[in-house]
Amino acid sequence: MVMPPALKAGDTIAIISPSSSPDSMTVVKGCAALREWGYVPVVGPNALKDYHGFAGTADERAADLRWALRDSTIKAILCSRGGDGAVQVLYRTPLEEFARHPKWIIGFSDITALHSAEAAAGVMSIHGSMCDGITAKGERDSVNAIMQRLLQGQLPTYQVPPHPLNQYGEATGILVGGNLSVFSGLAGSDYDFLNRADEGLILFIEDTQESMSKVDRMLHQIEIRGILPKLKGIIVGHFSKYKSPESGFADMYEMLHEYLQHYDIPVCYDFPVGHHSRYNFPMVIGCRVHLKVGPNHTRIEFVE
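Residues numbered from 1 in each chain as written. Predicted model: local features only at pLDDT ≥ 70, side-chain atom pairs only at ≥ 80, totals over all residues. Heavy atoms only, no water.

Draft legend 1. Fine view of the pairing of strand β3 (residues 74-79). Of all six residues in β3, five are buried; the element is thus mostly enclosed. Pairing geometry for β3 and strand β4 (residues 104-107), over three bridges, is parallel. Among the inter-strand pairings, L78 is bridged to a residue of β4, identified as I106. (Buried < 20%, exposed > 50% of the residue type's maximum accessible area, 1.4 Å probe, protein only. Helix = DSSP H or I, 4+ residues; strand = E, 2+ residues; numbered from the N terminus. Pairing = 2+ DSSP bridges.)

Have a look at this one:
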């Protein structure tokens with residue numbers, strides 16, 4: 001896996017919209033935040049368009065992605081928001097584009113599609129806050145500070161409180177993951193990072209507005225493909241806006257535990273990543289991590 005170069009003060013970061021159309025003021029505020037961090041923001045030619053809810057046609061959004069990858073003056077790519085439509089951009093962007101121009105792509109939710117493509121191409125990326133998140137203050141300040149250090153080349157180490165459903169153990173592997181419904185939609189394609197399962201993966205998952213029964217089906221899709229038994233560990237992030245109880249389970253974590261407890265691997269629940277109102281810890285997809293889940297805490301260390 002190739003780690004994109006660290007950024008330095010004065011570097012240019014492109015803001016693009018591979019998915020849904022963003023609010024223009026959110027992008028303006030995102031640019032202001034990047035300037036505060038010491039970078040020069042440049043907004044993609046089509047990033048503020050609105051075409052049936054998408055930020056331009058699929059061709060226009062793909063053109064912005066290819067522009068941001070190919071332009072040598074651009075050192076990183078921040079996605080304005082998630083939503084829907086990134087998979088349309090992938091169809092128009094060969095994997096070779098990601099491999100030929102290794103740059104940090106930053107975002108989450110629907111941007112998981114781009115993360116999957118980067119990992120499939122052998123390049124690391126950052127699952128983390130977008131324009132709205134990097135402008136937030138208060139409790140999110142500490143998360144944004146982690147992001148800033150990460151862009152400068154400093155890999156994080158996380159330590160979080162235990163959860164009663166955690167499965168204890170230690171594992172080292174390549175971290176992949178993100179929005180479960182998004183990467184499930186890439187199953188078996190060239191852009192699917194789970195194709196690298198034989199290399200030893202630690203998977204993190206999160207989602208929003210998906211029922212327990214749908215999450216159950218997506219989990220079993222991974223199992224039926226023979227990938228779940230190959231995983232070295234699983235990190236369960238935040239699941240939001242779903243109906244509970246359902247099918248006799250009190251919540252999503254209880255449902256997931258029903259199946260994951262049969263695998264002799266470390267599993268961490270309620271890790272602060274995903275569509276969380278306060279915390280969305282940056283995760284370096286494609287990076288080797290050491291996961292330790294114990295009775296007192298869970299520790300995730302990113303290793304170069």
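Draft legend 2. Up close: helix α2 (residues 58-70). With 13 residues, α2 should cover 18 Å at 1.5 Å per step; its first-to-last C-alpha distance of 18 Å lies within 8% of that length. Restricting attention to buried positions, one finds in α2 the residues A58, R61, A62, D64, L65, A68 and L69. In an axial view of α2, the angular spread of the buried residues amounts to 155°, which keeps them on one side of the axis. In this structure, the buried residues of α2 make contact with β1 (12-16), β3, α3 (86-91), α4 (95-100), β4 and α5 (112-120). (Expected span 1.5 Å × (residues − 1). Arc of directions from axis to C-beta. Contact = heavy atoms within 4.5 Å.)

Draft legend 3. Region of interest: the packing of helix α9 (residues 212-224) against helix α10 (residues 252-260). Direction vectors running N to C along α9 and α10 enclose 30°, while the axes themselves pass 10 Å from each other. Classified by the angle their axes make, α9 and α10 are roughly parallel. In the crossing of α9 with α10, the sense of the turn from one axis to the other is right-handed. Contacts from M212, V215, D216, L219 and H220 in α9 reach M252, M255, L256, Y259 and L260 in α10. Its residues assigned to classes, the contact of α9 with α10 comprises eight nonpolar, one polar and one charged. (Axes fitted to C-alpha atoms, helices over the stretch in contact; angles between N-to-C directions. Parallel < 35°, antiparallel > 145°, perpendicular 65-115°, else oblique. Left-handed = near helix turned anticlockwise from the far one by under 90°. Nonpolar A, V, L, I, M, F, W, Y, C, P; charged D, E, K, R; others polar.)

Draft legend 4. Focus on the side chain of N166. Turning to its location among the elements, N166 is positioned in the loop between β6 (157-160) and β7 (169-179). A distance of 3.5 Å separates the side chain of N166 from the side chain of T298, its partner in a polar contact. Sequence-distant contacts of N166, defined by excluding residues within four places in its chain, comprise V267, C268, Y269, V293 and T298. (Polar contact = N/O pair within 3.5 Å; in protein donor to acceptor, adjacent residues only side chain to side chain.)

Draft legend 5. Quick peek at the pattern of salt bridges. Scanning all chains against the criterion turns up seven salt bridges. Taking the shortest distance from any N to any O, the salt bridge between K8 and D11 comes out at 3.4 Å. Between D192 and R225 there is a salt bridge, with the nearest N and O atoms lying 2.7 Å from each other. On the criterion of sequence distance, the pair formed by D192 in the loop between α8 (180-184) and β8 (201-208) and R225 in the loop between α9 and β9 (233-240) is long-range, its members being 33 residues apart. Looking at D192, the relative accessible area reads 1%, which means it is buried. On the basis of relative accessible area, R225 is assigned to the partly exposed category, the value being 31%. (Salt bridge = Lys/Arg side-chain N within 4 Å of Asp/Glu carboxyl O.)

Draft legend 6. The arrangement of the sheet that holds β4 in detail. If you trace the six strands from one edge of the open sheet to the other, you get β2-β1-β3-β4-β5-β11, paired in mixed fashion. The sheet terminates laterally at β2 (40-43) and β11 (283-285), the two strands that pair on one side only. Averaged over all adjacent pairs, the angle separating strand axes in this sheet is 25°, with direction ignored.

Draft legend 7. Seen up close, the packing of aromatic side chains. Taken as a whole and judged by the stated rule, the model has seven aromatic pairs. When the ring of Y158 is compared with that of F302, the centres are 6.0 Å apart and the planes differ by 90°; the resulting orientation is edge-to-face. Of the two residues, Y158 is situated in strand β6 and F302 in strand β13 (residues 298-303); the sequence distance between them amounts to 144 residues. Since its relative accessible area comes to 4%, Y158 is described here as buried. Centroid distance F183 to F193: 5.3 Å. Interplanar angle 55°. Geometry classified as tilted. One end of the pair, F183, is in helix α8; the other, F193, is in the loop between α8 and β8, and ten residues separate them in sequence. The residues F183 and F193 share a single accessibility class, namely buried. Cluster of aromatic residues (ring-pair linked, three or more members): Y158, F271, Y279, F281 and F302. (Phe/Tyr/Trp six-rings, centres within 6.5 Å; stacked < 30°, edge-to-face > 60°.)

Draft legend 8. Structural view of the nonpolar core. Membership of the largest hydrophobic core comes to 75 residues, with the highest contact counts inside it found for V236, L256, F271 and F302. Beyond its immediate sequence surroundings of up to four residues, F271 is in contact with Y158, V160, I235, V236, G237, H238, F281, M283 and I300. Within the second largest apolar cluster, 24 residues are counted, among which are A14, A62, I74 and M130. (Core = buried A, V, L, I, M, F, W, Y, C linked by side-chain atoms within 4.5 Å.)

Draft legend 9. A look at the sheet that holds β8. Reading across from one edge, β6-β13-β12-β7-β8-β9-β10 is the order of the seven strands in this open sheet, with mixed pairing throughout. Unpaired on one side and paired on the other, β6 and β10 (267-268) mark the two borders of the sheet. Packing of α10 onto the sheet brings it into contact with β8, β9 and β10, and relative to β9 it is tilted by some 155°.

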